[in-house]
Structure formats: C-alpha cells, structure tokens
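# Structural description and commentary
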Amino acid sequence: MLDSAQTAERVTEILDRHRGMEGALLPILHAIQEDFGHIPQDALPIIARDLNLSRAEVHGVMSFYHDFRENPTGNHVLKLCRAEACKAMGADDLAAHARRELGIDWHETTRDGKVTLEPVFCLGLCACGPAAMVDGKLVGRVDAAKLSQIVGGLK
Amino acid sequence: MKVWLPLDSAAVALGADEIAEAIQSLAAQRGVDLTLVRNGSRGMVWLEPLAEVETPQGRMAFGPMTPEDVPALFGDLAAHPKALGRTEDLPWLKAQTRLTFARVGLTDPLSLQDYTAHGGLEGLKRALGMTPAEVVAEVTESGLRGRGGAGFPTGIKWKTVSEAKADRKYIVCNADEGDSATFADRMLMEGDPLTLIEGMAIAGLACGATKGFVYIRSEYPVAIRIMQEAVAVAQRAGILGTSVLGHGPAFDIEIRVGAGAYVCGEETSLLNSLEGKRGIVRAKPPLPALEGFLGKPTVVNNVISLASAPVIMAKGASHYKGFGLGRSRGTIPLQIAGNVRYGGLYEIAFGLTLDQIVNDIGGGTASGRPVKAVQVGGPLGAYFPASLFDTPFGYEEFAGKDGLIGHAGLTVFDDSADMLEMARFAMEFCAIESCGKCTPCRIGAVRGVETVDRIARGDSAAIPLLTDLCNTMKSGSLCALGGFTPYPVMSAITHFPDDFQPRRFEEAAE
C-alpha cells in the first residue's frame, strides 16, 4: 500500500509531464491509471489544485468515463464484446459461459483476485466476432472452448 | 525473401503476431535473409492472417495462415496448402474501387518512402500551390459528405471555418469509431496513417488552422500506437511542424485517447472530452465550426472524410465525383460484419443494393442459415429485412426507407436472431451510454428497456407506448444517441412483428 506522500510525489510528476497541454485532464487520468492501475482517491485533490478545478469536477470527469477505475482490478482483465456484430455471432452465450466459469458477473473480480470481467462495446473486430481483449491482447472468433483455454491460462 | 503480414488488429486477433514470430524464427533457423513487413490489412478478414510473399510474378497471397502453414512458405509456394494466387487477382479485391484505401495493405504503414512511391503527398503538394478558398472549392465540388454518419458536405464545413475570424483554429479528427460493425477508421489508421495526416494537413491549409487533434478511442490500442509513430515520422520529415513541407504555414498534430464513452463519437461531446471535461453533448448552435475546441472555430471530421481529401486533391474533384449515385458521390468503405461468410472492408462507389452487398459480396451468413436482418449504420441504424434488400446504398436512399447508412457498417444476422432482444439491447445500450444531458435520452432509454420487457411478457398494449416513446426520443433528444436509438427499435417492430407477439409469454416467464 502506498502512503499518501508517495502517491502525491508520483501524481505531481505526472502533472509536470502534462504542463502546457490544452485540455490535459484525460491524458493525466490515463497516465495516473497506467502508473497506479487505478485512480487513487488521494490523487483527485492534487489534480484539482493543479488544474484550478474543484475536486467535484475532477471526480465528475473521472466517473463519467468507463475506462477510469476507483479500485484496482484483479491480476488480469478479461473484456468481452457485447455489441451487435458480436451478438450476431453468439456473444451472449459466450458471456453467459464466461460468467458461469468465472463465477462472477460483469465488473466483478473473482474471489482469488485473479480475473476481472468487463463488458466492452466494440473492439472493431466486427468481421471476426465474438471478440475479446485479455490484458490488452486482442482475440477474435472466441468460442466457449477458446475462452476456457484463455481463462485456464491466466495465473 | 520479402513477406508481408498485417499488423491490423483483426489479423492480430486471429494470430498474426504468432505467425510473424514463427516466420522469423524459421528464417533465422534456416539462414534465410528475411524482410518481414507488417502492413495494413487487405480487408478480407476471413482470410486473416493473410501472408504475402514477393515473387517475380507479383505478391502471392496465403491465408488464413496457421503456425503449421509457416514451414511451407519456405518451400514450393505453388504447392502451399493455403496458396490463393496473386493478391491483386483475388476477385473480392479486384472488383473494388479503392480511392481512400488505395494504399492500405499495399505499403508499410510507417514508411514515408512507400507512401510517396504510391502517390502519397501529391494532394498536399497540389493544395500548397492553391489558395485556401480554392482548396475548399475543390473539396466542395467533389461532393464529399461526412463519412462519420451525418453526411454533411465536408466542403461547406471547411468553408465556414475558413471564413471565420479567430486567432486560433483547429482540425479535430473524430476517430472515436464506437459503432458496432464499423472498423474502417481503425483499418485506415493502422494501415495507412500518413493519408490521414496528409488529409488533416490539407484541411489545416484550407481552413487556416495550425493545430490538429486525432481523438482515438481507447479500445483501439494498435491504431493509437501506429498513429503516434506516424505523427513522429511526419514531424521528422517536415510534413508537420512549423512549416508544412517547408513552404506552407504551420500545422501540427497531437494524438488523444478517449476513455470508453460511446457518446464521445458525437462531435460536441468529443470536443468537451478533448477539453478535459465530461463528455456531455453541447446544444447547437453555436456550431463547432464557429465555436468548437476551447471556443475557437473547429473542423470536426471523421477519419474517412479527412483521409479522402488527399485523393480528391491529387486526382481532382471531378474524378472523385464521377463515382456514386444521386447526391452520394465518390466511394464508401463498406464494412461487412456480424454473421457473414466473407466479412471485411470493401470500398466501392455508392449505389450497390443491400442484396448485392450482403449476398453477392458477403456470401450470406457464416452459419449458412438464411439472412434474417441486416443492421445498417451501427447501433443507431435500422434493421433491414430481406424485403428491403433492393435499397441502393446512398444517404437519401436509406433515409427514404426509414434507415441510415451511418458510417457504412453492416451487421448481418441469421434467422436465429431475436429482434425483440435486439430492440431491448438498443435501449439498454442507450441507457448505459447516455451522457445524461437531455431527458428523452437519459430517462427514455431506461423506460424503453422496461417497455420492451412488458412486451416480452405478453403485454401487447405496450407496443403503442413504445412507439410513442420512440417518437419523443426521436424529436426531443439533443443528439443522435437518443435521437437515433428509435431507428433499430422501430425497424425491429415494423419489419419483424412476429418477434413481438404475445407467444413470448411462456418463454419470458421461465
């Protein structure tokens, strides 16, 4: 667990990197999430002070976007596409299979902290669905067997 | 030995990186002098990963490749089990009219030398010799309309920004391609990013803008990486920077990444997001062309609109305008997706019928079952039944059938599709993605899901209620999210009434 001084130091370093940028808040939040794995609550007042915004405004921006998370994920993030083109290829059944196999619902993490399951609305792999993203790696034409193999391979 | 293997996301999702590794390690093992180019995709997704090998007869195609097929690439190519013959002779590719996508798949996306050898920068060079007004006139004359979906004439938008007086102006490229069934923006950014950069530089010249942004959705990691590298290539070569190609005005580009909000594909919401705010839709007027990014005059154009500017400038407006039908001029990159046998990107002049696209080009469903519906234009587009398959592909033609072409994505469904479920999903998606600014969208979508559920439970009295709700959303929403969600919902009810019959009562009660 990081203490608040360490958090402040890393956040300030990120803020310095984005100085002078027009409309820098999203790039800043992305950089913080990449560094910490999520957006620590402690970071919000520091960002707010730096950008001359209220803390509520920063929270408002962070909470508006699906990408930004308040809490860390499991060791691995499995994203399954729920959009139309993948649905046409059986994404609903695949999602049901994944939820059963992992024993969790959307946005949840398995009890051993291994896998977080997230829905995604389109990865642009619409001619080779159903599509998935495993820790940033794209996978096309996923079926139940392939999914079980992917989940089984996650440590 | 020279081999091409796509770096395109779809090819990678189907194993291209593993094939690349296998080719490299085998070449090293056998002491073969290998040049492996990671190119864009040719667009034939069912053949991905598609490897190409240079031969005296031209580039020979092999696909879909598996790691087991790699060793045979080092032997007698004609006897290779996945040999498809010369790439350029493949009928699917040969029948296309590739203007915007001319270089995608052909060149190394990050090689400026490849780019200029295949006609790159010709458009920008011609534009540099013209006045801004002449460039705007050329684009206007070409008949190019916004490829993001709205279909607004690109030249008119540029003219508004060009004539606006301000100390700063911006070119914003909308690469927040969130619609299911669409991947043309992604393919272009991954396969020929310099075309987009050239197009934005032309727009900058035409409008007097010195700064451009490309707002790419975070779900496109490959496109983000390639675009960032391409901008660096263009900066090093002096295409971007303090003087475009050394004798133009300043123009530079910055890549920005979205954060998973579908609504940011709407231009005013995108601008707010770019400014670091919540992606809330702005009321219009003022138009972004007059008060856009940070309140300054801003062109917001889709990737394909901007990437079509170079070919229009290079070959002239009349060449581009010579393709198409009615008021839909030029070519359109069709993205054929979903349950389809031959899915991928197919650039062709406007005017093909839906039947030609789905059955002749797409080859019907992947499952082999009959086609039930095709959703045209993404999640906000209408479902078309087979009885409307004679509709020619054009903006007005689809509007005339209560649909839209949107960003030209087509999702094919076979007869196992449940259209009530698809109508429910449209409302659910709108509820999840609504920015919350206007009531018809924010509340209407939630009530929409509930009302579809009532119909599913056998309450047919809820059908007129849903119709009424759709009318409210359509005419009362601020942007296309709430305003167009009724298209998939109403088209499902209108064209597939059987799926909304009370027979569903027992199934739903299970």
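Bear in mind that the values here come from a model prediction, so they are computed numbers and not experimental data. (Residues numbered from 1 in each chain as written. Chains lettered and ligands numbered in written order. Predicted model: local features only at pLDDT ≥ 70, side-chain atom pairs only at ≥ 80, totals over all residues. Heavy atoms only, no water.)

### A look at the packing of helix 16 (residues 419-433) of chain B against helix 17 (residues 439-456) of chain B
All names here are of chain B. At a minimum axis distance of 8 Å, the contact between helix 16 and helix 17 shows a crossing angle of 155 degrees. Relative to helix 17, the element helix 16 is oriented roughly antiparallel. In terms of crossing hand, the pair formed by helix 16 and helix 17 is left-handed. Residues Leu-420, Arg-424, Met-427, Glu-428, Cys-430 and Ala-431 of helix 16 form the contact with helix 17, whose participating residues are Cys-441, Gly-444, Ala-445, Val-446, Gly-448, Val-449, Val-452, Asp-453, Ile-455 and Ala-456. (Axes fitted to C-alpha atoms, helices over the stretch in contact; angles between N-to-C directions. Helix = DSSP H or I, 4+ residues; strand = E, 2+ residues; numbered from the N terminus. Parallel < 35°, antiparallel > 145°, perpendicular 65-115°, else oblique. Left-handed = near helix turned anticlockwise from the far one by under 90°. Contact = heavy atoms within 4.5 Å.)

### Digging into the sheet that holds strand 7 (residues 211-216) of chain B
Residues and elements named next belong to chain B. Strand order in the open sheet made by the 4 strands is 8-7-6-9, with parallel pairing throughout. Looking along the sheet, the strands with just one partner apiece sit at the ends: strand 8 (252-257) and strand 9 (298-302). Going from strand to strand, the sheet's axes swing by 20 degrees on average, the running direction of each strand aside. Note: strand 6 (residues 170-175) against strand 9, 5 bridges, orientation parallel. Along strand 9, the bridge assignment pairs Cys-173 with Asn-301. Seen against the sheet, helix 12 (residues 303-315) touches strand 6 and strand 9 and runs at an angle of roughly 95 degrees to strand 9. (Pairing = 2+ DSSP bridges.)

### A few points about the packing of helix 8 (residues 184-191) of chain B against helix 12 of chain B
All names here are of chain B. Their axes nearest at 9 Å, the elements helix 8 and helix 12 cross at an angle of 45 degrees. Viewed along their axes, helix 8 and helix 12 adopt a mutual orientation that is oblique. Within the contact between the two elements, helix 8 uses Ala-184, Asp-185, Leu-188 and Met-189 and helix 12 uses Val-303, Ile-304 and Ala-307. For the contact of helix 8 with helix 12, the residue count by class is 6 nonpolar, no polar and 1 charged. (Nonpolar A, V, L, I, M, F, W, Y, C, P; charged D, E, K, R; others polar.)

### A look at the side chain of Thr-485 of chain B
Residues and elements named next belong to chain B. Along the chain, Thr-485 turns up in the loop between helix 19 (480-484) and helix 20 (486-495). The class for Thr-485 is buried, based on a relative accessible area of 1%. In this structure the side chain of Thr-485 is engaged in a polar contact, spanning 2.6 Å, whose partner is the backbone oxygen of Leu-481. The contact partners of Thr-485, leaving out residues within four places of it in the chain, are Leu-380, Ala-426, Met-427, Cys-430, Met-473 and Ala-480. (Buried < 20%, exposed > 50% of the residue type's maximum accessible area, 1.4 Å probe, protein only. Polar contact = N/O pair within 3.5 Å; in protein donor to acceptor, adjacent residues only side chain to side chain.)

### Remarks on the nonpolar core
Grouped together as the largest cluster of nonpolar side chains are 81 residues, with contacts concentrated most on Trp-158, Met-189, Leu-196, Val-214 and Ile-216 of chain B. Examining the composition of this core, we find that 10 residues originate from one element, helix 9 (residues 193-207) of chain B, more than from any other. If sequence neighbours within four positions are ignored, Val-214 of chain B has contacts with Cys-173, Ala-175, Met-189, Leu-196, Met-200, Met-227, Ile-253, Glu-254, Ile-255 and Arg-256 of chain B. With 76 residues, the next largest nonpolar core counts Leu-29 of chain A together with Leu-380, Phe-425 and Val-489 of chain B among its residues. (Core = buried A, V, L, I, M, F, W, Y, C linked by side-chain atoms within 4.5 Å.)

### Digging into the interface of chain A and chain B
Counting residues at the interface gives 39 residues for chain A and 66 residues for chain B. Both faces combined, the contact of chain A with chain B buries some 3700 Å², and carbon together with sulfur accounts for 59% of it. Its largest share of buried area at the contact with chain B, chain A owes to Glu-22, Phe-64 and Glu-84 of chain A, together 20% of the area lost on that side. Connecting chain A to chain B are 5 salt bridges. Between Glu-22 of chain A and Lys-211 of chain B there is a salt bridge; the shortest N-O distance is 3.4 Å. Inspection of the chain A/chain B interface yields 26 residue pairs in polar contact (both at pLDDT 80 or more). Split into classes, the residues belonging to the side of chain A that touches chain B amount to 23 nonpolar, 8 polar and 8 charged. (Buried area = accessible area lost by both parts, 1.4 Å probe. Salt bridge = Lys/Arg side-chain N within 4 Å of Asp/Glu carboxyl O.)

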